[in-house]
Amino acid sequence: MPIHLNYTQATPPSKSLSNPPGFTNAALTKKVIGTSASTAESYAKLKGKRAWELAISPAKSLPMNAFMLYMSGGGVQIFSIGILAMLLLNPIKAVSTINNAFAPYTPSASDSTRSSLLLPKLTYIACNILTLALGVYKCHSMGLLPTGSADWLNFETRGYSPEISL
Amino acid sequence: MRLRILSLLIFSVASVFSLHESDAGVTDWHKPLVGIPLTHSISTSPRFHRIFDHKGTESRVFVATKRNTLASLDPILGTIAWRHVFDEDEHIVHVQAHRELIVSLSGSGTSKLRAHEARTGFLLWETPLHDSFPARLSEPGNTYSDLMFTLDGEDDIIVLSNSRSVRRLDHSNGNVKWEWTPTDQTSLNLHSRIVASRTAIHVIAFAKSFASYTLHVTTIDPLNGKEINTYHIPSSIQNGISHIVIIDRIDNPYIAWAEKGSIKSYDFVTGHITSAKEKNYAEIIDIGLGQQGLFVGIQDNGAAHIFSVGRGQSQGPIKIWEFADSATTPGVSPSIYTGGLDKEGRGYISRVFYSLALQSTNLHLFSPHGAEGKGMVTGFTFPFDTNSHGVIDHVALDVAHPQEYRFISRVVLTTSTGAVQLWQQDSLQWTREESLSEIKAIEFVDLPEKKILHSNVGEAFAQKLQRQVAELQNLPSYIIHFGTRFLTGKYETVSSPSDPNAPVSLYRDTFGFHKLLVLLTSTGKAFGVDTSRGRIVWDRILGISDARGSSLSHPRLLVSKSVWDDSAYPELLVIARDLHKDAIIMNRLDALTGKLIQRSRELQPLTADIYFLPDQNKTILVVDENLKIHIYPNNRATRSAFSDLAPRLHFSLRRGAPSRERIDGFRIDISSLGSHSPTVHRVWSFAPPPSESVQYVVKPPRDPAASFGKALADRSTLYKYLNPHVICVVTKNTDRSHGSVYLIDSVTGATLYQATVSSSRGLQATLIENWLVYTYFSDETNAKGQRIVSVELYEGSTRNEKTSSPDSSSFVYDNVRVTPYQQSFLFPHSVNAVGMTTTKYGISAKDFIVANDKSQIQTFSRRLLDPRRHKNKPSAADAEELLTPYDPVVGDDPRHVLSHSSEVAGIRHIITSPALLESTSLVFAYGLDLFFTRVAPSGTFDVLSVTFNKLQLVLTVLGLAVAILVTRPIVQRQQLRQRWYT
């Protein structure tokens, strides 16, 4: 008679089979029964905590980014432009994939506090905007932003004088 | 410091772009000229001179010209052997050649005597005779000076100058040995000639007596200049001072003159006056053969007799020959008599005249010693082209006498159109168009594009098929040709040398460097000169020119149709006053051939100015001196176009007495629009302060402005003041102590900028966009020197302030709110002419072009003359703007010189024209010489560099393609293997 080993059940299907040596049933059942409610709650709390961590992570890297920008100098070179491009693109990328980023931290369907991710998300966006602002500021300090009148000089047009001098 | 080096580097790179040594003579050309020869007096007219020295004999043609140039021409080649261009106000009064010395007397009051080595032109010495105060008598063709060599073996120079003083100068160093001035200071005697014999120097003066002149002689000791005696020669000369002939034979000098129809001579040795037997002489002509004792007497009927004085036993003048048929007849032009010498120093006399009946120019040559001393005449006709050279003004003669009864004559003709020609017998050796040294009007004409037209219209299908099959045989050669062209990249480069002997093609080249220059000269002749090699393509006489000058005055040259106006060929319009007929003449010319299309002459008040109406038809508006407007062509369309634009039209004219000129601004009287010739009324008048007079007005070129402002380092803008109505008026004080420059709005008359500088030589100014540059020689006592002042005008009072000057009305207050930035620079040379480069779209930088007194053409970049350069420590912002610290001296860097080593003398004007390439501007300088070149102020950014290797590029691309073809299957196979076996 073939023997089928069933590992899916915690309790043996029949009492005829003795437990493996060193196995105590009590250790198993006790744990499961004793923490079932509080585990779900803490898990949700953990998720929330992690969500907040993610939300403020761009702000955490801000000083580092600022330092990198400072070190890359004011000249238009490959490094400064690379860092700048990263700084400008990353926040946009991050914001556009915000739902994916927060997906692991979505509360389970049973959770009563379902809307709790809105705030972290807003914070996340705000922090990314901060990063973006840093990039834009760097652009400005490098003179890449068309803020002066000279930047728009080529688009200026003039008509003809109402008088004609021969 | 680093900034400075950087900016220097940029300057040098920019200037290096403009010049490559290999480009000299390829992209530019230089035509040295000497000017139209002075022919009115025998003392300065062109002549042949033989130089004998240890190297052998050399023949030269010496000319003194209206452009104060003393030059020696090579009679074989027609080139300039050497030339000396004297100062602007230093007219040549007398030229005398003797052996290897050529001595010239020049300047107002005959103030300077110079000796040049005849062969090389080397200046041996220069002696000032007077201060250059206004001459006691200065008139054109000054006959109150004389210059001669003592023929006593010492070859010293005796000079009579300013009609008073006689000096003897050592020929080797110009030291004055003695000087004589008349003791009677108040004497009215005009000393005009000197005659030397071995024992005495006779100074001949004209004493004015009743209705005629009497000859008065003062005899001077030739060794110490002491006056020996004075006496009168009983004579009465009616027709002026130039009508005496000096027979300056050292052993026995004479003087001959015409008196009451008879010819008389005075023998200085014996003191006898002898008359010729024949009567009825109107005048006698000095033909420069005094040493041979020959001159020409003209009878009342025009017949010419040759006289000899002191010939044989006789003492007086003897008629030795009569030119046959020389009496004035209707079909023959007045004859020109000239004397010439051969190698042995024997005299010859030629008669040149034009016969209407024979339609030919004749030369009769009389040789007194020919036919065993009996005298003989030989002659020939030569095909002088009177249609393109006018009439002959002057003839200089040189004769070769190789064997008995054989005479070969060479003549140098000076024509009324200013051409100098050398004919050897009846063949033309060379022509020099010297009137090009006096250009009155000039225009660049764009050439049409070469179109290859195949008209196969109306061809049947079978014919077409047949033609195409026939053309198929050219296919292999076409493919081969295409392949080689594609591979080797033999394209036109900016400095493609054109074959100097190839015929001139009147089609535009790829880059638009090839244009036609149309020049109108002071002699009334128009020339078409191609810009690629400087050859004369066509010439045409538009006005008769005679001793009074050209009949055309105040000529205006306009391109009435250009190739950009959908016109098949460009057309020119020449409008000028005809002084002889007192009318305005209009000539329409085909610009490519010079053919006259239409000529109209109308009697009307003199033209004040001519304008183009800014409409499609290029209607011409002529404003006459009575301030009436005439429209050409006058038809319904042009009249309505004029009426439409009339309320907006403004123009300004120079008016008033010559010493007190002012500028008046006008508008058209709307009420008079319906009439035949509308009138105008004055809106404003710009009168410079009393004692100042308008010298000239500079109108900036109507070129497009690429940018309306100047971007600064902080990305703010200084908006350029681009008011299209601004004109620059240059005035001069009447006592010539200072000059002023004004910028005026020609619509309202408002003065926008003004500067007065102390300079006695006047200002040169040029204006483009918002940039004014003027240069002058400063007379301030502790700051003498040439200055260049650069002024830039910007809108408003600060940066970023915009008043929209190009399109706002001049009557708006904002339009006079201008901030000038200015800076003055020192320049090491005196400046003769200034100009500014122009390009097609105005994107390239503008260069300032200068013709200096070292006979060079130089360019200076706008950056060098930037008025915003300052003395403070350069900031980072300045570095970003490439603004170098202010340096007061504009250096004499040889890299700025456009003219290379060629000596471009006497330049008075510089004009520029855009090429089709945006980077390049064509520059033409004229005055005495003609010089043409092209410059790329910002580098030739729009052309491939010469070093571009097309073959390398093609090979690289082909190599890569082959590599891809080879590696692709290998890689594919490997990838497949990988899938299977891993």
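Residues numbered from 1 in each chain as written. Chains lettered and ligands numbered in written order. Predicted model: local features only at pLDDT ≥ 70, side-chain atom pairs only at ≥ 80, totals over all residues. Heavy atoms only, no water.

## Regarding the overall build of chain B
A tally of regular secondary structure across chain B gives eight helices and 65 strands. Looking at the 982 residues of chain B, the share that counts as buried comes to 54%. Carbon and sulfur atoms provide 54% of the accessible area of chain B, an area that totals close to 44900 Å². (Helix = DSSP H or I, 4+ residues; strand = E, 2+ residues; numbered from the N terminus. Buried < 20%, exposed > 50% of the residue type's maximum accessible area, 1.4 Å probe, protein only. Areas by Shrake-Rupley, 256 points an atom, 1.4 Å probe, with all protein chains shown as cover.)

## A short note on the overall build of chain A
Broken down by element type, chain A carries five helices and one strand. Mapped from its N terminus to its C terminus, chain A presents α and β elements in the order α-α-α-α-α-β. Looking at chain A as a whole, 25% of its 166 residues are labelled buried. For chain A, contacts bridging at least 24 residues in sequence account for 69% of all contacts bridging at least 6. Taken as a whole, chain A presents about 11800 Å² of accessible surface, with 67% of it coming from carbon and sulfur. (Contact = heavy atoms within 4.5 Å.)

## Focus on the pairing of strand β63 (residues 907-914) of chain B
The pairing of β63(B) with strand β64 (residues 921-927) of chain B spans seven bridges and is classified as antiparallel. Considered in β64(B), the bridge of B:Ile907 is made with B:Gly927. (Pairing = 2+ DSSP bridges.)

## Observations regarding empty space enclosed by the protein
Residues and elements named next belong to chain B. All told, the structure shown has one cavity of 30 Å³ or more when counted by the stated rule. Its volume calculated, the largest cavity comes out at about 30 Å³. Taken together, Arg869, His870, Asn872, Lys873, Pro874, Asp878, Leu883, Thr884 and Pro885 make up the lining of the largest cavity. For the lining of the largest cavity, the per-class residue count stands at three nonpolar, three polar and three charged. (1 Å grid on protein atoms, 1.4 Å probe; cavity = no way out; pocket = protein on both sides within 12 Å on 5 of 7 lines; lining within 4 Å. Points joined across faces, edges and corners; volume = space filled by probe spheres on them. Nonpolar A, V, L, I, M, F, W, Y, C, P; charged D, E, K, R; others polar.)

## Notes on the interface of chain A and chain B
Of the residues lining the interface, 21 residues belong to chain A; the matching set on chain B comes to 33 residues. For the pair chain A and chain B, the summed buried surface comes to about 2200 Å²; carbon and sulfur atoms form 52% of the total. Looking at the side of chain A facing chain B, the largest losses of area belong to A:Arg158, A:Ile164 and A:Leu166, adding up to 37% of the total buried there. In this assembly, chain A and chain B are joined by two salt bridges. Between B:Lys802 and A:Glu156 there is a salt bridge, and its shortest N-O distance comes to 3.4 Å. Our count for the contact surface shared by chain A and chain B stands at 20 residue pairs in polar contact (both at pLDDT 80 or more). (Buried area = accessible area lost by both parts, 1.4 Å probe. Salt bridge = Lys/Arg side-chain N within 4 Å of Asp/Glu carboxyl O. Polar contact = N/O pair within 3.5 Å; in protein donor to acceptor, adjacent residues only side chain to side chain.)

## Examining the side chain of B:His116
All names here are of chain B. Within the fold, His116 resides in strand β8 (residues 112-117). Residue His116 is classed as buried on the basis of its relative accessible area, which comes to 0%. A polar atom in the side chain of His116 sits 3.5 Å from the side chain of His84. When residues no more than four places from it in sequence are discounted, the contact partners of His116 are Leu70, Trp82, His84, Phe86, Glu100, Leu101, Ile102, Ser104, Gly121, Phe122, Leu123 and Leu124.

## Considerations on the side chain of B:Ser197
With respect to the secondary-structure elements, B:Ser197 resides in the loop between β14 (190-196) and β15 (201-209). Those residues within four positions of B:Ser197 in sequence are excluded, and the remaining contacts are B:His202, B:Ile250 and B:Pro253.

## Observations concerning the environment of A:Thr123
Residue and element names in this part refer to chain A. Inspection of the secondary structure puts Thr123 in helix α5 (residues 118-142). When near neighbours in sequence (up to four residues on either side) are disregarded, Thr123 contacts Trp52, Ala55 and Ile56. At 2.6 Å, the side chain of Thr123 and the backbone oxygen of Leu119 are in polar contact.

## A short note on the sheet that holds strand β53 (residues 726-733) of chain B
Residue and element names in this part refer to chain B. Across the sheet, four strands lie side by side as β50-β53-β54-β55; this open sheet has antiparallel pairing. Pairing within the sheet leaves two strands with one partner each, and these edge strands are β50 (692-698) and β55 (751-757). Across the sheet, the axes of successive neighbouring strands diverge by a mean angle of 20°, strand direction being ignored. (Axes fitted to C-alpha atoms, helices over the stretch in contact; angles between N-to-C directions.)

## Let's talk about the packing of aromatic side chains
All names here are of chain B. Throughout the structure, instances matching the rule amount to 26 aromatic pairs over all chains. On the basis of an interplanar angle of 40° and a centroid distance of 5.6 Å, the ring pair of Phe511 and Phe513 is categorised as tilted. On the basis of relative accessibility, which here comes to 5%, the residue Phe513 falls in the buried class. An aromatic cluster of three or more residues is present, and its members are Trp29, Phe924, Tyr926 and Phe932. Geometry around Phe86 places Arg114 over its ring, the cationic atom sitting 4.3 Å from the centre. One residue, Arg351, lies across the ring of Phe353, its end atom 3.9 Å from the ring centre. (Phe/Tyr/Trp six-rings, centres within 6.5 Å; stacked < 30°, edge-to-face > 60°. Lys NZ or Arg CZ within 6 Å of the ring centre and 35° of its normal.)

## Side note on the sheet that holds strand β20 (residues 262-267) of chain B
Residues and elements named next belong to chain B. Ordered in space as β18-β19-β20-β21, the four strands form an open sheet in which the pairing is antiparallel. Of all strands in the sheet, those with a lone pairing partner are β18 (244-247) and β21 (273-275), marking the two edges. Pairwise comparison of adjacent strand axes, ignoring direction, gives a mean angle of 25° for this sheet.

## Points about the packing of helix α3 (residues 78-96) of chain A against α5(A)
When two helices pack together, their arrangement is captured by the angle between the axes and the distance separating the axes. All names here are of chain A. At a minimum axis distance of 9 Å, the contact between α3 and α5 shows a crossing angle of 155°. Comparing the axis directions of α3 and α5 gives the class roughly antiparallel. The element α3 and its partner α5 pack so that their crossing is left-handed. Counting all contacts with α3, which are made through Ser80, Ile81, Leu84, Leu87, Leu88, Pro91, Ile92, Ala94 and Val95, the residues of α5 involved are Tyr124, Ile125, Asn128, Thr131, Leu132, Leu134, Gly135, Val136, Lys138, Cys139 and Met142. When the residues that make up the contact of α3 with α5 are grouped by side-chain class, the tally is 15 nonpolar, four polar and one charged. (Parallel < 35°, antiparallel > 145°, perpendicular 65-115°, else oblique. Left-handed = near helix turned anticlockwise from the far one by under 90°.)

## Some details on the packing of helix α2 (residues 62-72) of chain A against α5(A)
Residues and elements named next belong to chain A. It is the contact of α2 with α5, at a shortest axis distance of 10 Å, that shows an interaxial angle of 10°. When the axes of α2 and α5 are compared, the pair comes out roughly parallel. Helix-helix and strand crossings are classified by hand; for α2 and α5 the assignment is right-handed. Two secondary-structure elements touch here, α2 through Leu62, Asn65, Ala66, Leu69 and Ser72 and α5 through Leu130, Thr131, Leu134 and Lys138.

## Side note on the UniProt feature "transmembrane region" (unreviewed entry) in chain A
UniProt's entry tags residues 67-89 of chain A with the feature "transmembrane region" (unreviewed entry), counted in the numbering of this structure. Structurally, residues 67-89 of chain A is divided into 78% helix and 0% strand, and its ends, taken at the C-alpha atoms, are 18 Å apart. (UniProt positions renumbered as here; feature names shortened; annotations may be inferred.)

## Brief notes about the pattern of salt bridges
All names here are of chain B. Applying the stated criterion to the full structure yields 48 salt bridges over all chains. Of the charged contacts, one joins Glu126 and Arg114 as a salt bridge, the two residues approaching to 3.2 Å between their closest N and O atoms. You can see Glu126 sitting in strand β9 (residues 123-128) and its partner Arg114 sitting in strand β8, a full 12 residues away along the chain. Between Asp892 and Lys854 there is a salt bridge, and its shortest N-O distance comes to 3.7 Å. In this pair, Asp892 sits in the loop between α7 (876-880) and β63 while Lys854 sits in the loop between β61 (847-852) and β62 (857-861), placing the two residues 38 residues apart along the sequence. With relative accessibility at 34%, the residue Asp892 sits in the partly exposed group. Salt bridges sharing common partners tie together Lys710, Lys720, Glu769, Glu792, Lys846, Arg862 and Asp866.

## A short note on the pairing of strand β2 (residues 47-53) of chain B
Residues and elements named next belong to chain B. Counting buried positions over the seven residues of β2 gives five, a clear majority of the element. Note that β2 and strand β3 (residues 56-64) share seven bridges and pair antiparallel. Bridging across to β3, Ile51 finds its partner in Glu58. Between the end of β2 and the start of β3, which pair antiparallel, lie two residues.

## Remarks on a nonpolar patch on the surface
Residues and elements named next belong to chain B. On the surface, Leu472, Leu475, Tyr478, Ile479, Phe482, Phe486, Leu487, Leu951, Leu955 and Leu958 cluster together into a nonpolar patch covering about 960 Å² of accessible area. Taken together, the elements giving at least two residues each to the nonpolar patch come down to α5 (475-488) and α8 (950-981). Position of Leu472 among the secondary structure elements: in helix α4 (residues 461-472). (Patch = residues over 30% accessible without salt bridge, like charges linked within 9 Å, V, L, I, M, F, W, Y side chains within 5 Å.)

## Considering the confidence of the model for chain B
Residue and element names in this part refer to chain B. Mean pLDDT over chain B stands at 84; residues scoring 70 or higher make up 91%. Under a pLDDT of 50 for its full length, residues 1-19 has, in the predicted model, 22 contacts with residues more than four places off or in other chains. Below pLDDT 50 for its whole length, residues 135-142 participates in 17 contacts with residues either more than four positions away or in separate chains. (pLDDT = per-residue confidence, 0-100.)

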